[in-house]
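# Per-entry structural report
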Amino acid sequence: MTADETFMQRCLQLAASGLGAVQPNPMVGAVIVHQGLIIGEGYHHAYGEAHAEVNAIASVKDPSLLSSSTLYVNLEPCSHYGKTPPCADAIIRHRIPRVVVGTQDYHSKVNGSGIRKLQDAGVEVVLPVCETACLELNRRFFTYHRKQRPYIILKWAQSQDGFMDIDRSDATQPHDYWITNPALKVITHQWRSEEDAILVGWNTMHNDHPQLTTRLYPGKDPKRFVMQRGDSLISELPYTPLPPDIPSALQILYEQKIQSVIIEGGRKTLERFISEDLWDEARVLVGNITFGKGLWAPALPAPPHRIETVNQNQILYVRRHL
């Protein structure tokens, strides 16, 4: 690993701290290096607050070193006025001579203009560095802007023998059950805190009335949506209705600046997203339990690329495109 790659990895570590807080902005971390030593660090903490480059510059105790330092950042510095002034201007103003960028920002308001502004001011710009990892970190942001829809995460729990619900027509089976252990329940609440929205189908909403909150994990609750069925009204519940047509529903989420959404079920809703090839990753929680019969879980067209074991339960991570 080169020195540039090493410092870029540190940018990515810092950037990840903003997950769940910076949307609709991307996660960005910045590191300032002088003669091989880090003299400043920063990341974008929350939407509307200072960007990573500004925070990193402000953290440098001796500003005179900036004119002979390198600034590392995992995403192209912005060149436009938004909630805050352009980061490219701050870099130029402090006369930082070299900037190493992980990947270009494909947002229409940036899309290379930040790089050009730095180069026009005489700044040496090196890119891309660790681009695959940089794209992966901000996959929600890039999916939103490239595909003009949210990043879609499918999530459900199933038994070891592949059922996501018991046979509810069998009176001998207990109706009070939980597939996975309490540790996985906390993890799912953490996932909710990291995404913009959560969506369920009409039957799940009507039958289970799920809270869809982060009550077991400190973090913001996602916005809650339900796929509408016909002319049924849901005004008495804390869900926002979406049209039953999936592309139309995604268009509405896009217009509301929802960058990511978890699809929590039920099975028909999940299978519709799978059959229409409108998903980006799936997280399948497998409990240490068997049902023998019941409601089959959806089938995915790809095997898991990663399996995590948590207290005798498993999480299968499946990606549509790696």
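Our subject is the structure listed above.
Residues numbered from 1 in each chain as written. Predicted model: local features only at pLDDT ≥ 70, side-chain atom pairs only at ≥ 80, totals over all residues. Heavy atoms only, no water.

## Some points on the pattern of salt bridges
Counted only if it meets this: When a carboxyl oxygen of Asp or Glu lies within 4 Å of a side-chain nitrogen of Lys or Arg, that pair is called a salt bridge. Helix numbering and strand numbering both begin at the N terminus, where a helix is a DSSP run of H or I of at least 4 residues and a strand a DSSP run of E of at least 2. Each residue is placed in one exposure class: buried if its accessible area under a 1.4 Å probe, protein chains only, is under 20% of its type's maximum, exposed if it is over 50%, and partly exposed if it falls in between.
Taken as a whole, this structure holds 16 salt bridges when the rule is applied. Of the charged contacts, one joins Arg98 and Glu124 as a salt bridge, the two residues approaching to 3.8 Å between their closest N and O atoms. In this pair, Arg98 is assigned in strand 4 (residues 98–103) and Glu124 in strand 5 (residues 124–126), connecting sequence segments 26 residues apart. Arg283 serves as the salt-bridge partner of Glu281, at 2.8 Å between the closest nitrogen and oxygen. For the pair Glu281 and Arg283, one class covers both residues: buried. One connected set of salt bridges, linked through shared partners, spans Glu136, Arg139, Glu281, Arg283 and Arg319.

## Some points on the sheet that holds strand 15 (residues 313–319)
Stated formally: The pairing criterion for strands is at least two bridges between them, as found by DSSP. Note on geometry: axes are lines fitted to C-alpha atoms, helical ones only across the stretch in contact, with angles between N-to-C directions running from 0 to 180 degrees.
One open sheet holds the 8 strands; their spatial order is 10-9-8-11-6-12-15-14, and the pairing between them is mixed. In the strand order of this sheet, the two ends are held by strand 10 (240–242) and strand 14 (306–310), each with one partner. Neighbour-to-neighbour, the strand axes of this sheet turn through a mean angle of 25°, independent of strand direction. Across 6 bridges, the pairing between strand 6 (residues 151–158) and strand 12 (residues 281–286) is parallel.

## Remarks on empty space enclosed by the protein
Our working rule: Buriedness of a pocket was judged along seven lines, with at least five required to meet protein on both sides within 12 Å; pockets are open sets of points on a 1 Å grid over the protein atoms alone, cavities are sets where a 1.4 Å probe fits but cannot get out, and lining residues have an atom within 4 Å of a point. Grid points are joined across faces, edges and corners, and a volume is the space filled by probe spheres set on the points. Charged means Asp, Glu, Lys or Arg here, nonpolar means Ala, Val, Leu, Ile, Met, Phe, Trp, Tyr, Cys or Pro, and polar covers whatever is left, Gly included.
Across all of its chains, the model carries 1 cavity of 30 Å³ or more by this definition. By volume, the largest cavity amounts to about 60 Å³. In terms of lining residues, the largest cavity is bounded by Leu19, Gln23, Asn25, Pro26, Met27, Leu137, Asn138, Arg140, Phe141 and Gln259. Of the residues assigned to the lining of the largest cavity, the class counts are 5 nonpolar, 4 polar and 1 charged.

## As for the nonpolar core
The nonpolar side chains of a soluble globular protein tend to be buried, and buried together. The test is simple: Put simply, buried Ala, Val, Leu, Ile, Met, Phe, Trp, Tyr and Cys residues joined by side-chain atoms within 4.5 Å make one nonpolar core. Here a residue-residue contact requires only that any non-hydrogen atoms of the pair lie within 4.5 Å.
One finds Ile152, Leu154, Leu199, Ile263 and Phe273 to be the most contacted residues of the largest nonpolar core, which totals 27 residues. Elements that contribute at least two residues to this core include exactly strand 6, strand 8 (197–200), strand 9 (223–227), helix 9 (246–255), strand 11 (260–265), helix 10 (267–275), strand 12 and strand 15. Beyond its immediate sequence surroundings of up to four residues, Ile263 is in contact with Ile152, Ile153, Leu154, Lys155, Leu199, Thr269, Leu270 and Phe273. Judged by nonpolar contacts, the second largest core, of 23 residues, contains Val28, Leu118, Phe141 and Phe142.

## Structural notes on the packing of aromatic side chains
Stated precisely, the cut-off is as follows: Stacked, tilted and edge-to-face are the three classes assigned to paired rings of Phe, Tyr and Trp, where Trp is represented by its six-membered ring and a pair needs centres within 6.5 Å; plane angles under 30 degrees give stacked, over 60 edge-to-face, the rest tilted. Definition used: whenever NZ (Lys) or CZ (Arg) falls within 6 Å of the ring centre and also within 35 degrees of the ring normal, the charge is taken to sit over that ring.
Counted by the stated rule, this structure contains 5 aromatic pairs. Ring centres 5.2 Å apart and planes at 45° place the aromatic pair Phe7 and Tyr72 in the tilted group. Here Phe7, found in helix 1 (residues 3–15), pairs with Tyr72, found in strand 3 (residues 70–75); they are 65 residues apart in sequence, far enough to count as distant. Residue Tyr72 is classed as buried on the basis of its relative accessible area of 3%. With centroids separated by 4.7 Å and ring planes inclined at 35°, the aromatic side chains of Tyr144 and Tyr254 adopt a geometry described as tilted. Linking Tyr144 in helix 6 (residues 139–147) with Tyr254 in helix 9, this pair joins segments that are 110 residues apart in sequence. A residue is classified by how much of its surface remains accessible, and Tyr144, at 7% relative accessible area, is buried. What makes Tyr254 buried here is its relative accessible area of 19%. Note that Lys185 overlies the ring of Trp178, its terminal NZ or CZ placed 4.5 Å from the centroid. One residue, Arg306, lies across the ring of Tyr317, its end atom 4.0 Å from the ring centre.

## Description of helix 10
Just so we agree on the cut-off: Summarising the geometry, the arc corresponds to the directions from the helix axis toward the C-beta atoms.
For helix 10, the set of buried residues is Thr269, Leu270, Phe273 and Ile274. Summarising the axial view, the buried residues of helix 10 lie within an arc of 135°, below the 170-degree limit, and thus occupy one face. Exposed side of helix 10, more than 90 degrees from the buried face: Lys268 and Ser275 are the residues found there. Elements that come into contact with the buried residues of helix 10 comprise strand 6, strand 7 (163–165), strand 8, strand 9, helix 9 and strand 11. Two residues or fewer after helix 10 comes Asp277, characterised by a positive phi angle close to 55°.

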